[in-house]
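Each chain, letter by letter, is given below.
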Amino acid sequence: DSASVSFVPPSQQGVPGAASVVPANVTTDVQAIADTVTAVDQKSGAAADAQPNLPVANTTVTAVDGQVVTNGTSVDPLSSRDLSFSKRTVPGYTQVFSGTGTGPNDRDASIEGTAYLTYTLVNNATYNIDDCLTFCNKVDGCVFVNLYYEFNNALLDWVFSEHSNLKCAAYGDIHSAAEKTNGGGQQLEPLPHGLTYIQQSSGWAANTLDNPSDPSGYQLVFGPTNGANNAPGYMGFAFIDKYDVDACAALCNTRGSDRVGGACQYFNIWRALVNGVPTTYTCSFYYLVADASTAVNYGQGDLQVTYSRGYKRLSLAVDGGFEGYTCGGDDFCYDASSSTWKGLSPAGGSLDASIFHYAPYARTGSSVGLLGSASGVDNLIGTLLPAQHLNTVAGQQYSITFFTNTLYAGTDAEASAQVTLEWNGTPVRNISLGYADWTYYETTVTANGNDNFALYGGSAPAWIFIDDVYVWAL
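Because the structure is predicted, anything quoted here is derived from the model rather than measured. The residue count restarts for each chain, going from 1 along the sequence in the order it is written. Owing to the predicted nature of the model, reporting of local features is limited to residues with pLDDT of at least 70; listing and counting of side-chain atom pairs is limited to 80 or more, with chain, interface and lining totals taken over all residues. Only hydrogens and water are set aside; all other atoms, that is, all heavy atoms of the structure, feed into the side-chain values.

Draft legend 1. Inspection of the overall build of the protein chain at higher detail. Helix and strand assignments come from DSSP, with helices taken as H or I runs of at least 4 residues and strands as E runs of at least 2, each series counted from the N terminus. The helix and strand tally for the protein chain stands at five helices and 26 strands. The globule rule puts the C-alpha radius of gyration for 474 residues at 23 Å, and the 29 Å found for the protein chain is more than 25% above it. Taken over the C-alpha atoms alone, the protein chain extends approximately 100 × 45 × 40 Å along its principal axes. Across the protein chain, every contact between residues at least 6 apart in sequence was considered, and the portion connecting residues at least 24 apart equals 78%. What the globule rule says is 2.2 Å times the number of residues to the power 0.38, and the radius of gyration is computed from C-alpha atoms. Pairs of residues are marked as contacts when any of their non-hydrogen atoms sit within 4.5 Å.

What follows is the structure, encoded as structure tokens:
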């Protein structure tokens with residue numbers, strides 16, 4: 001009878017047959033990020049042949065884990081992305097730099113900078129600042145405009161319906177006169193017409209920057225500050241072409257899992273200035289949630305960290321680490337259920353699913369779930385499930401993730417260990433675990449709304465410890 005075993009069961013505070021090996025957590029690769037900053041070029045502006053009033057393009061990835069992406073990959077926006085901004089009045093801008101004039105020999109240059117969004121043509125009967133600022137108010141994410149005349153461009157003069165050469169280029173970041181580097185010089189009209197040239201290029205910045213709304217499924221942890229995280233649980237980084245917290249969240253959601261730490265649970269977004277000039281926007285990803293205490297990377301050399309914010313991913317599974325169950329001061333206790341989890345045993349079973357508060361059994365923290373009779377008195381299968389249904393949205397996909405450990409009773413006894421994931425009463429995945437240290441699993445499901453899941457298995461002595469159970473929106 002497999003229930004008649006010589007092992008000291010978990011309920012008697014037995015010692016696992018083998019100690020769990022905890023790999024070292026990797027911290028932020030600050031040097032790789034700094035090196036890649038110097039390799040990317042995200043500067044752009046309103047091209048001479050571009051149509052006006054194009055919609056703002058999706059955010060683009062320009063580098064991943066130190067590798068520059070030649071043809072940037074567009075980031076699909078989050079399904080519930082909030083593109084609303086608190087709009088400013090036209091007086092809510094300050095002139096950053098002025099133009100050089102409109103005399104016959106005056107020449108100027110337009111901005112080539114990061115986070116270019118789109119442009120429009122405003123009436124050139126006057127130097128139409130108000131219409132340009134009004135345009136910025138209507139463009140999602142616009143905080144800066146560059147207003148300038150562009151001459152010898154037939155598209156502006158004759159083709160585009162505005163018939164105006166007064167360009168108003170919108171940006172998602174604030175730029176300076178040092179970034180006026182596009183002086184024209186293109187032959188867009190047949191000879192004897194001259195080359196394109198720029199006059200009266202001025203820049204206008206919003207007096208206040210909009211605080212971005214939290215991405216769907218995330219919560220702001222800290223920021224903005226001028227320090228980026230240097231934290232454990234680091235998974236890698238990506239550069240994007242504008243400051244876009246929704247894009248960072250989407251990249252975190254789709255980031256491949258780490259074999260040690262599992263899914264991405266946190267990202268840190270920040271802007272890189274090099275010699276005071278906006279250069280790129282970093283998303284660093286972590287499987288551990290960080291906070292402001294590790295936001296101590298302020299830059300190095302000519303690189304300066306600005307607008308750093310941290311966001312943690314929100315799990316729909318309440319208390320996925322079982323830490324809500326404690327012993328009131330003692331370091332060892334167990335029960336069939338807690339306020340957030342239920343352990344169910346079949347008829348005739350005893351504690352075939354339970355929650356323990358005992359740090360040596362847990363992957364993280366001090367509490368953990370257990371499948372298999374805690375006292376070893378039967379070999380029946382137990383079920384662990386959340387005490388409350390999930391606040392899911394019908395039709396949306398979710399990822400259920402968890403870790404299992406089957407070292408407790410040794411190789412032979414644990415060889416048959418297996419766990420089944422159930423979604424709304426239907427088995428969706430059966431996993432043969434065997435004898436193994438903490439191992440990560442993830443499964444994608446589609447919600448009906450107000451859903452629930454359960455994990456069942458653990459025929460003692462093939463005990464299964466379960467920890468860090470999360471349900472992430474995708």
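Draft legend 2. Region of interest: the packing of aromatic side chains. Each Phe, Tyr or Trp ring, with Trp reduced to its six-membered ring, pairs with another whose centre is within 6.5 Å; inter-plane angles below 30 degrees give stacked pairs, above 60 give edge-to-face pairs, and intermediate values give tilted ones. Within the structure shown, the criterion is met by 27 aromatic pairs. Each ring, one from F97 and one from F144, has its centre 6.2 Å from the other, and the planes form 45°; the classification is tilted. With a gap of 47 residues between them, F97 in strand β3 (residues 93–97) and F144 in strand β6 (residues 144–151) connect regions that are remote in the sequence. In this scheme, a residue with accessible area under 20% of its type's maximum is buried, one over 50% is exposed, and one in between is partly exposed, where area comes from a 1.4 Å probe on protein chains only. Accessibility expressed as a relative area gives 0% for F144, which makes it buried. A ring pair is formed by F322 and W341, whose centres lie 4.7 Å apart and whose planes are at 35°; its orientation type is tilted. A residue pair is termed long-range when its members are at least 10 positions apart, and F322 in the loop between β15 (303–313) and β16 (333–335) and W341 in strand β17 (residues 341–344) qualify at 19 residues. For the pair shown, F322 and W341 are each scored as buried. Among the aromatic residues, those joined into a ring-pair cluster are F332, Y334, F356, Y358, Y361, Y408, W463 and F465.

Draft legend 3. Highlighting the pattern of salt bridges. Salt bridge criterion: a side-chain nitrogen from Lys or Arg within 4 Å of a carboxyl oxygen from Asp or Glu. A full pass over the atoms with the stated rule returns six salt bridges. K167 is the salt-bridge partner of E150, the closest N and O atoms lying 3.1 Å from each other. Linking E150 in strand β6 with K167 in strand β7 (residues 166–171), this pair joins segments that are 17 residues apart in sequence. Each of the two residues, E150 as well as K167, counts as buried. With its nearest N and O atoms 2.5 Å apart, the salt bridge here joins R363 to D468. One end of the pair, R363, is in the loop between β18 (353–357) and β19 (367–371); the other, D468, is in strand β26 (residues 464–473), with 105 residues separating them in the sequence.

Draft legend 4. Geometry of the sheet that holds β7. Taken together, five strands build an open sheet; the order of strands is β3-β9-β6-β7-β5 and the sheet is antiparallel. The strands lining the two open edges of the sheet, one partner per strand, are β3 and β5 (116–122). Mean inter-strand twist for the sheet, computed between neighbouring axes without regard to direction, equals 25°. Lines fitted to C-alpha atoms define the axes, with helix axes restricted to the stretch in contact, and inter-axis angles between N-to-C directions lie between 0 and 180 degrees. Across the sheet, helix α2 (residues 129–138) is in contact with β3, β5, β6, β7 and β9 (197–206); its angle to β6 comes to roughly 130°. Each pair of strands is called paired provided DSSP finds at least two bridges between the two strands.

Draft legend 5. Spatial organisation of the environment of L155. With respect to the helices and strands, L155 occurs in helix α3 (residues 154–159). Residue L155 is classed as partly exposed on the basis of its relative accessible area of 26%. Setting aside residues up to four positions removed in sequence, L155 forms contacts with A48, D49 and F160.

Draft legend 6. Layout of the nonpolar core. In terms of nonpolar packing, the biggest core is built from 32 residues, with Y119, C142, F144, V145, L147, C168 and A170 touching the most fellow members. At the level of elements, β3, β5, α2, β6, β7 and β9 are the ones that each hand at least two residues to this core. Discounting chain neighbours no more than four positions away, the residues touching L147 are V122, Y127, N128, I129, C132, L166, K167, C168, Q200, S201 and S202. The term nonpolar core refers to a set of buried residues drawn from Ala, Val, Leu, Ile, Met, Phe, Trp, Tyr and Cys, joined through side-chain atoms within 4.5 Å. One finds C327, V419, I431 and V469 within the second-largest nonpolar core, a separate group that totals 30 residues.

Draft legend 7. View of empty space enclosed by the protein. Buriedness for pockets is judged along seven lines, at least five of which must meet protein on both sides within 12 Å for an open set on the 1 Å grid over protein atoms alone, while cavities are sets there where a 1.4 Å probe fits but cannot get out, and lining residues have an atom within 4 Å of a point. Grid points are joined across faces, edges and corners, and a volume is the space filled by probe spheres set on the points. All chains considered together, the criterion is met by two cavities of 30 Å³ or more. Taken as a whole, the largest cavity spans an internal volume of roughly 40 Å³. Along its surface, the largest cavity is lined by V30, I33, A34, W270, N297, G299, Q300 and L303. The set of elements that each furnish at least two residues to the lining of the largest cavity consists of α1 (30–37) and β14 (299–300). With three residues, the single largest contributor to the lining of the largest cavity is α1. Amino acids outside the nonpolar list (Ala, Val, Leu, Ile, Met, Phe, Trp, Tyr, Cys, Pro) and the charged list (Asp, Glu, Lys, Arg) are all regarded as polar, and Gly is one of them. Considering only residue class, the lining of the largest cavity consists of five nonpolar, three polar and no charged. When its volume is computed, the second largest cavity comes out at roughly 40 Å³. For the second largest cavity, the full set of lining residues is G261, G262, A263, Q265, T401, F403, Y440, D468, Y470 and W472. Across the lining of the second largest cavity, the residue classes tally to five nonpolar, four polar and one charged.

Draft legend 8. Focus on the sheet that holds β18. Here six strands make up an open sheet; going across it, the order is β16-β18-β19-β26-β21-β24 and the pairing antiparallel. At either end of the open sheet lies a strand with only one pairing partner, and these are β16 and β24 (439–446). Each strand axis lies, on average, 30° off the axis of its neighbour in the sheet, ignoring direction. In this sheet, β24 lies alongside strand β21 (residues 397–405) in antiparallel orientation, the contact comprising eight bridges. Following the sheet pairing, Q397 is matched in β24 by T446.

Draft legend 9. View of the environment of H389. Following the sequence through the fold, H389 ends up in the loop between β20 (382–386) and β21. Given the relative accessible area of 48%, H389 is considered partly exposed. A C-alpha to C-alpha distance of 5.6 Å links H389 and D451, two positions 62 residues apart in sequence. With residues near it in sequence (within four places) discarded, H389 still touches N450, D451 and N452.

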